[in-house]
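Close look at the chain arrangement
What follows is the residue order along each chain.
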Amino acid sequence: MNKRFVLCILLVIILVFSHAALFARGFGNIAIGAQAGFIATGIVVDIDLGPIALNAGVNYPLGWTYIAALAGGSAAAFPALFTVTADVTAPFPLGEDFMLKLGANTVAFTDFQAGIIGIAGACIKGEYWIPNRNYGLFVNLNVPVMAYGVIGELTGDDTASGMFFDPALPLLGLFTTTAGVLWSF
């Protein structure tokens, strides 16, 4: 492996871990909230763990369901699927009240029984914390680069799984982008 490449990776790791004490969210390490988006409208939990932050959400594809209903479908035409979101990011404070988080994310459809279909890629999350308050606003922009799935009975022998990459997958970020509010405690 090239020595310059290894040196660059080490420099990036040092920069990421050196800013752990500078957070815009000074009220606590856990925040809960709500987000709205085309395929992910629901609740989220955001946990800061020093140099990384974890974000998880359980959502419903409200926009997708609305379009299916307009197209002549009914509630039965769209199965009872949930959208599960998860992000692992590195926070970069850009001021007293603004935080930029860069990392990886996944958005998956599941019914918690028969299978899961999702996309994974990079994410950019901006958080603005209202001064002297314990709540803030966020926008989470996603850039998917991979699709994956496990279809069939998860406990049976008829399970099919796979993943694929496509140059058009980043366009799905238009539908997976969310905005919302977080409350820190």
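This text goes with the structure placed above it.
Conventions we followed
- Residues numbered from 1 in each chain as written.
- Predicted model: local features only at pLDDT ≥ 70, side-chain atom pairs only at ≥ 80, totals over all residues.
- Heavy atoms only, no water.
- Patch = residues over 30% accessible without salt bridge, like charges linked within 9 Å, V, L, I, M, F, W, Y side chains within 5 Å.
- Areas by Shrake-Rupley, 256 points an atom, 1.4 Å probe, with all protein chains shown as cover.
- Salt bridge = Lys/Arg side-chain N within 4 Å of Asp/Glu carboxyl O.
- Helix = DSSP H or I, 4+ residues; strand = E, 2+ residues; numbered from the N terminus.
- Buried < 20%, exposed > 50% of the residue type's maximum accessible area, 1.4 Å probe, protein only.
- Contact = heavy atoms within 4.5 Å.

**Observations concerning a nonpolar patch on the surface**
Judged by side-chain polarity, Ile-30, Ile-32, Val-45, Leu-94, Phe-98, Tyr-128, Tyr-135, Leu-137, Val-181, Trp-183 and Phe-185 come together as a nonpolar surface patch covering roughly 950 Å² of accessible area. Taken together, the elements giving at least two residues each to the nonpolar patch come down to β1 (30-37), β7 (135-151) and β9 (178-184). With respect to the helices and strands, Val-45 occurs in strand β2 (residues 41-49). We classify Val-45 as partly exposed; its relative accessible area is 34%.

**Re the environment of Ile-39**
Mapped onto the fold, Ile-39 is located in the loop between β1 and β2. In this structure Ile-39 comes out as buried when scored by relative accessible area, which is 8%. Along the sequence, Ile-39 and Val-84 sit 45 residues apart, while their C-alpha atoms lie 9.8 Å from each other. Residue contacts for Ile-39: discarding those within four places in its chain leaves Tyr-60, Pro-61, Trp-64, Thr-83, Val-107, Phe-109, Phe-175 and Thr-176.

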